[in-house]
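# Examination of the molecular architecture
Listed here are the chains, written in short residue letters.
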Amino acid sequence: MQNFLKTSDSSRAELEEIIEAAIKFKKGEIVEKILNGKSVALVFFNPSLRTRASMQVGIYELGGNAVILEPGGTSWTLEHRENVMMDSDKTEHLKEFVRVLERYFSAIGVRTFAELKDWNLERTDPILTAFQKYSSKPVINLESAMHHPCQAMADMMTIREKFGKTKKKILLTWAWHPKPLPMAVPNSFALAAAQFGHDLRIAFPKGYELDAELMAEIETQAKENSGSVEIVNRVDEAFDEREVVYAKSWGSFQHYGNANRDIREREIYRNKWIVDEAKMQRTNDAIFMHCLPVRRNVIVTDTVIDSANSVVIDEAENRLHVQKAIMARLIK
Ligand code: CP
């Protein structure tokens with residue numbers, strides 16, 4: 001494992017080892033200061049609570065030093081495109097930025113969200129790809145346009161903790177939200193669930209399909225790992241017999257770059273595509289999952305998120321343990 005950009009760059013066996021190590025970190029069974037004397041750069045193009053705090057704390061607990069860099073904020077604005085005349089608002093090229101960082105740091109974590117402007121471009125993860133291209137040190141994806149693998153691994157760890165090493169009936173459900181959001185979380189959750197061999201149902205209103213190439217990869221992974229993938233477009237039936245409910249909103253790539261059209265089209269789903277008690281009662285006593293931050297009574301009702309079946313805080317805690325396991329594997 002040279003980088004951690006998406007879960008499918010790693011084998012199922014490698015992912016299992018990461019989960020096992022994360023569980024040991026959580027139980028205090030690994031206390032080795034693996035990053036002693038080392039520093040890790042955390043590059044945040046976008047805001048964060050969980051990712052930033054859990055990475056900083058994790059690096060500290062491993063004996064290392066975290067340095068946060070915010071391009072356009074506390075560090076220079078960055079150009080990532082090749083062969084451009086930099087006569088506009090970008091001060092530094094990513095080529096120099098990364099090559100300077102690798103003289104100081106043992107690894108580079110990067111958060112760079114989709115801008116929701118140009119689907120054909122953003123689905124290629126151009127900024128994360130540029131980091132990977134220029135860096136000889138490991139790059140960790142802390143959420144890019146297309147993937148959030150650390151979140152997905154924390155989610156898989158949480159499911160493992162609640163149910164043990166068994167195949168679960170999982171629902172990934174789209175939810176109404178007042179504006180379009182990136183697809184990284186649902187993409188990575190679905191991909192990881194398929195790699196771990198779960199029976200995955202993905203529910204969304206027509207027009208909110210995930211990327212076709214990614215769906216093909218999810219289906220291949222499900223087959224190879226004895227899991228299954230099912231797509232449904234009806235919200236209530238989607239909850240039937242599920243043991244895990246994972247809610248997330250995302251934008252339509254058909255309206256990519258036109259947020260107002262997406263907002264108009266999705267209005268009919270307000271108060272319908274929400275996780276509420278009635279839908280949870282159709283499940284097989286499912287746990288409720290969300291990556292956070294979440295809008296209460298928009299994505300999920302207070303009753304569901306505050307219920308005993310809600311594991312959203314466990315997911316957030318597990319970010320810390322799983323990222324320590326990923327760093328220990330990459331950096332040593
Ligand atoms: N789930 C997650 O990545 O949270 P933050 O955006 O707060 O880091």
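None of these values were measured; they are calculated from a predicted model.

Now for the overall build of the chain. Helix and strand content of the chain: twelve helices and eleven strands. For 332 residues, the compact-globule estimate of 2.2 N^0.38 gives 20 Å, and the chain sits close to it at 20 Å. C-alpha extents for the chain along the principal axes are approximately 55 × 50 × 35 Å. Taking all 332 residues of the chain together, the buried fraction comes to 56%. Within the chain, contacts between residues separated by at least 24 positions form 80% of all contacts whose residues are at least 6 apart in sequence. Element-wise, carbon and sulfur atoms account for 47% of the exposed surface of the chain, whose accessible area totals about 14600 Å². Across the chain, 45 positive and 47 negative side-chain charges occur, with their mean positions spaced 1 Å apart.

Taking 1.5 Å per residue as the helical rise, helix α12 (residues 312-331) with its 20 residues ought to reach 28 Å, and the 29 Å between its terminal C-alpha atoms agrees with that figure. For α12, the principal kink sits at N318 and spans about 30°. Counting buried positions along α12 gives 15 out of 20 residues, so the element sits mostly inside the fold.

The next subject is the sheet that holds strand β6 (residues 139-141). If you trace the four strands from one edge of the open sheet to the other, you get β2-β1-β5-β6, paired in parallel fashion. Since the sheet does not close on itself, it has two edges, and those belong to β2 (65-69) and β6, each with one partner. On average, adjacent strands in this sheet sit at an angle of 20° to one another, irrespective of strand direction. Pairing geometry for strand β1 (residues 39-44) and strand β5 (residues 107-111), over five bridges, is parallel. Bridged to F44 within β5 is R111. Strands β1, β2, β5 and β6 of the sheet are contacted by helix α2 (residues 50-61), whose axis makes an angle of about 175° with β1.

Quick look at the packing of aromatic side chains now. Applying the stated criterion to the full structure yields eleven aromatic pairs. Measuring from ring centre to ring centre gives 6.0 Å for Y104 and F105, while their planes differ by 75°; the resulting arrangement is edge-to-face. Plain terms: the ring middles of F189 and Y246 are 3.9 Å apart, the flat faces sit at 25° to each other, and that makes the pair stacked. Linking F189 in helix α7 (residues 184-195) with Y246 in strand β10 (residues 244-248), this pair joins segments that are 57 residues apart in sequence. Both residues of the pair, F189 and Y246, belong to the buried class. An aromatic cluster of three or more residues is present, and its members are W174, Y208, Y269 and W273.

Here the focus is the side chain of R201. If you trace the backbone, R201 turns up in strand β8 (residues 199-203). By relative accessible area, which is 10% here, R201 ends up buried. A distance of 3.5 Å separates the side chain of R201 from the backbone oxygen of E237, its partner in a polar contact. Here the side chain of R201 touches A238 through a polar contact of 2.9 Å, landing on its backbone oxygen.

Right, let's get into the site of the ligand. Within the structure, the ligand sits among S48, L49, R50, T51, R111, H148, Q151, C291, L292 and R319. T51 has a polar side-chain atom sitting 2.7 Å from an oxygen atom of the ligand. In the environment of the ligand, an oxygen atom lies 3.1 Å from a nitrogen or oxygen atom belonging to the side chain of R319. Protein chains bury 94% of the 250 Å² of accessible surface belonging to the ligand in isolation. Here the residues of the shell around the ligand sort into three nonpolar, four polar and three charged. Summarising the domain contributions, the shell around the ligand has at least three residues from each of domain 1 (7-147 + 316-330) and domain 2 (151-314).

Another aspect to go through is the nonpolar core. One finds L42, L200, I202, V275 and F288 to be the most contacted residues of the largest nonpolar core, which totals 90 residues. The element contributing the most residues to this core is α12, with eight residues. In this structure, this core is formed jointly by two domains, domain 1 (7-147 + 316-330) and domain 2 (151-314), each of which donates at least three residues. In terms of nonpolar packing, the next biggest core, distinct from the first, is built from 18 residues, F105, I127, L128 and A130 among them.

Attention shifts here to the pairing of β10. Among the five residues of β10, five are classified as buried, and the element is accordingly described as predominantly covered. Across the two faces of β10 the burial is the same, with V244, Y246 and K248 and V245 and A247 all buried. With three bridges connecting them, β10 and strand β11 (residues 287-289) associate as parallel partners. Within β11, the position partnered with V245 by the bridge is F288.

What counts and what doesn't
Residues numbered from 1 in each chain as written. Predicted model: local features only at pLDDT ≥ 70, side-chain atom pairs only at ≥ 80, totals over all residues. Heavy atoms only, no water. Helix = DSSP H or I, 4+ residues; strand = E, 2+ residues; numbered from the N terminus. Rg over C-alpha atoms; globule rule 2.2 N^0.38 Å. Buried < 20%, exposed > 50% of the residue type's maximum accessible area, 1.4 Å probe, protein only. Contact = heavy atoms within 4.5 Å. Areas by Shrake-Rupley, 256 points an atom, 1.4 Å probe, with all protein chains shown as cover. Lys, Arg positive; Asp, Glu negative; His and termini not counted. Charge placed at Lys NZ, Arg CZ, Asp CG, Glu CD. Expected span 1.5 Å × (residues − 1). Bend = angle between axes of the 7 residues up to and from the residue. Pairing = 2+ DSSP bridges. Axes fitted to C-alpha atoms, helices over the stretch in contact; angles between N-to-C directions. Phe/Tyr/Trp six-rings, centres within 6.5 Å; stacked < 30°, edge-to-face > 60°. Polar contact = N/O pair within 3.5 Å; in protein donor to acceptor, adjacent residues only side chain to side chain. Near = heavy atom within 4 Å. Nonpolar A, V, L, I, M, F, W, Y, C, P; charged D, E, K, R; others polar. Domains from an automatic or database assignment. Core = buried A, V, L, I, M, F, W, Y, C linked by side-chain atoms within 4.5 Å.

Remember, this is a structural readout, not a statement about activity or role.
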